[in-house]
Amino acid sequence: MSEWISVKERLPEINETFISFVENKVVCTCTRYQNRAKDNAPIFYANTKAGLLICSLESISHWMPLPEPPEDK
């Protein structure tokens, strides 16, 4: 099982989908995209119950890679 990784330690790769822990204590999947902000900061798209939301680095404190899918048996 993967451990939570602090965004202060390292960021997910660009175009990587991952599990994130955001400031309002919600766990959701996010994808990191090319930096498009004026200050070249990372941009994340979070999949939430409310729909797709754009998140800044300040919104995400920790992340972890998605687990491997189950094997068909």
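Residues numbered from 1 in each chain as written. Predicted model: local features only at pLDDT ≥ 70, side-chain atom pairs only at ≥ 80, totals over all residues. Heavy atoms only, no water.

Draft legend 1. Expanded view of the overall build of the protein chain. Of regular secondary structure, the protein chain possesses zero helices and six strands. Each helix and strand of the protein chain, ordered N terminal to C terminal, gives the series β-β-β-β-β-β. Seen through its C-alpha atoms, the protein chain measures out along the principal axes to roughly 50 × 30 × 25 Å. Looking at the protein chain residue by residue over its 73 residues, the buried ones come to 29%. Pairs at least 24 residues apart make up 42% of the contacts formed inside the protein chain by residues separated by at least 6 positions. Working note: accessible area of the protein chain is about 5500 Å², and carbon and sulfur atoms make up 53% of it. Here the protein chain contributes 8 positive and 10 negative side-chain charges, whose respective centroids are spaced 7 Å apart. (Helix = DSSP H or I, 4+ residues; strand = E, 2+ residues; numbered from the N terminus. Buried < 20%, exposed > 50% of the residue type's maximum accessible area, 1.4 Å probe, protein only. Contact = heavy atoms within 4.5 Å. Areas by Shrake-Rupley, 256 points an atom, 1.4 Å probe, with all protein chains shown as cover. Lys, Arg positive; Asp, Glu negative; His and termini not counted. Charge placed at Lys NZ, Arg CZ, Asp CG, Glu CD.)

That is the geometry; function is a separate question.
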